[in-house]
Amino acid sequence: MPEGGVFPVWRGIGVGSGVGGGWSQGWGRGLRWEPASPGQGAWIPVFDYPVWGVLCRGGHARLREVCQRGRSAIKLPTDMLSIKLPQLFDINQVPKVFREDSIISGYRHPRSSALDCVLSSFQMNNETINIWTHFLPTWYFLWRFCVLCSTMNFLTDSYTWPLLVYMLLICIYPFTSSCAHTFSTMSPESRHICYFFDYGALSLYSLGCAISYGYYVIPDCWVNSWFHQHFVLIAVGNTLFCTSLSCYSRFLELQFPQRSKVLRTGAFVLPFIFDTVPLFYRILLCCVGSCSLSDALSSHCYHLLFAVLTCFLFTAHLPERLAPGRFDYFGHSHQLFHISAVVGTHFQMEGVMADMTSRRAWLLARGAMPSFLGTVGVLVASLVLNLGIIGIFSAPLLWKPCHSSNQPHTSRRECKEK
């Protein structure tokens, strides 16, 4: 590149004329070179006058000229320089299906593209915190799972299989929730389907809790009882019921919002109550003095505390209901609901692992050995059945015939617009 092409060039001490010495394009104005110390050959640059004086004497014009020349020389693609974040809307500008209780602003476009949905996760809107409060914990649980994989033999040690199932599901459910919140504004149909998968992941998580509780947390006096032997099987039925009822509740959301909320809440509360029956019984025994409070039970108690808080936040819609529009971006109940659920899951994980370690010898001595069919096999079967339920509820949303008896010549373009 010829001298003076884009940027000023230092040509060396003593080269050129003027105060600036070897700077090209007159950039040496304001600089001069002096010996670092008497008798040494080292030279250091010294300003003739303050930097602001340099900028006042044509510096702004020269900087602008360099930027223009640099832009033309580098020639970045126009698309890279023109990426714009999606526009946000108020509640009265989006369809009713996208509206949230007491959330007034920060809504994304109801027909966003997949790229817009991804970009919106880096833009402050009323879903941004919802996305990240489950996306980041996914990596935390995945890290904990990887640490366990390096310290436990999940392949041959059947006693660890319930923990394997549980760890897989606590990694899946926050990631699925994060994806649902990210891509829920592509269309009304995609919004329902995204949350169908979210509900399915949560119901499978309840199954993972039941499997780990049934093998590690079960009270001593219940081991090998009828309830213990059928505990996981009943939990599978609860999982299918949870997915079905929660998906069905979305079809009632517009006409009967209160009924929809009650059904959806009940769909998740019922498996939770069933899964924690063994834990409640152990805590009750400790309360009456039949056992001592262990580290595992302490973690389980913290989990129960956050579980109750999670349910309260999900149903109460506080604090945004007290001040609509003030918590649209930060601090509304669904964000707090996510955080409370993740913290509760952390304590639950700690309690399950503590019970698994401390009760191993006692449980194995009584023949409470997990089987592959009763752990991984149950998970795979439940996953297939839940996907089938999601497919059944998604089919009416995906299958919309473009031709009807009244409009036999509807064009393909008109069908897409509808």
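These numbers were taken from a predicted model, which means no experiment stands behind them. (Residues numbered from 1 in each chain as written. Predicted model: local features only at pLDDT ≥ 70, side-chain atom pairs only at ≥ 80, totals over all residues. Heavy atoms only, no water.)

J.: Sorry if this is basic, but what is going on with the overall build of the protein chain here?
T.: Looking only at helices and strands, the protein chain has 15 helices and two strands in total. Taking all 418 residues of the protein chain together, the buried fraction comes to 42%. Long-range pairs, those at least 24 residues apart, make up 66% of the contacts in the protein chain with a sequence separation of at least 6. By element, 67% of the accessible surface of the protein chain is carried by carbon and sulfur atoms, the whole surface being about 22,500 Å². (Helix = DSSP H or I, 4+ residues; strand = E, 2+ residues; numbered from the N terminus. Buried < 20%, exposed > 50% of the residue type's maximum accessible area, 1.4 Å probe, protein only. Contact = heavy atoms within 4.5 Å. Areas by Shrake-Rupley, 256 points an atom, 1.4 Å probe, with all protein chains shown as cover.)

J.: It is not clear to me how the nonpolar core should be interpreted in this structure. Could you clarify?
T.: Nonpolar side chains tend to gather and get buried jointly when the protein is soluble and globular. Formed by 50 residues in total, the largest nonpolar core has its most connected members in L163, Y166, M167, I170 and Y216. Where this core is concerned, the elements lending two or more residues are helix 4 (128–151), helix 5 (161–183), helix 6 (188–217), helix 8 (231–249), helix 10 (277–287), helix 11 (295–316), helix 12 (333–358) and helix 14 (373–398). The biggest single contributor to this core is helix 6, with eleven residues. Sequence-distant contacts of M167, that is, excluding residues within four places in its chain, are made with F141, R144, F145, L148 and M349. Counting residues in hydrophobic clusters, the runner-up holds seven residues, among them I193, C247, I389 and F393. (Core = buried A, V, L, I, M, F, W, Y, C linked by side-chain atoms within 4.5 Å.)

J.: Quick question: what am I supposed to make of the packing of aromatic side chains here?
T.: Aromatic ring pairs are described here by two measures, namely the spacing of the ring centres and the angle between the planes. Taken as a whole and judged by the stated rule, the model has 22 aromatic pairs. Between W132 and F135, the aromatic rings sit 5.5 Å apart at their centres with planes inclined by 90°, giving edge-to-face as the arrangement. Here W132 and its partner F135 are both found in helix 4, three residues apart, which amounts to about one turn of the helix. Note on F227 and F274: the rings are 5.9 Å apart at their centroids and 65° apart in plane angle, and the pair reads as edge-to-face. Remark: F274 occurs in helix 9 (residues 257–275) and F227 occurs in helix 7 (residues 226–229); sequence separation between them is 47 residues. Taking relative accessible area as the criterion, F274 reaches 14% and is therefore assigned buried. Members of the aromatic cluster, joined through ring pairs, are W222, F227, F231, F274 and Y281. Note that R259 overlies the ring of F256, its terminal NZ or CZ placed 4.4 Å from the centroid. When the ring centre of F314 is taken as reference, the NZ or CZ atom of K261 above it lies at 3.9 Å. (Phe/Tyr/Trp six-rings, centres within 6.5 Å; stacked < 30°, edge-to-face > 60°. Lys NZ or Arg CZ within 6 Å of the ring centre and 35° of its normal.)

J.: Help me understand the UniProt feature "binding site: Zn(2+)" (unreviewed entry) in the protein chain, please; the structure alone is not making it clear to me.
T.: UniProt records the feature "binding site: Zn(2+)" (unreviewed entry) for H181, H334 and H338 in the present numbering. Their sequence span is 158 residues, while the largest C-alpha to C-alpha distance among them is just 11.6 Å; these annotated residues converge on one region. One can find H334 in helix 12. A polar contact is formed between the side chain of H334 and the side chain of H181, at a distance of 3.3 Å. With respect to the secondary-structure elements, H338 resides in helix 12. Those residues in contact with H338 that lie beyond four places of it in its chain are N130, T133, H134, S177 and H181. (UniProt positions renumbered as here; feature names shortened; annotations may be inferred. Polar contact = N/O pair within 3.5 Å; in protein donor to acceptor, adjacent residues only side chain to side chain.)

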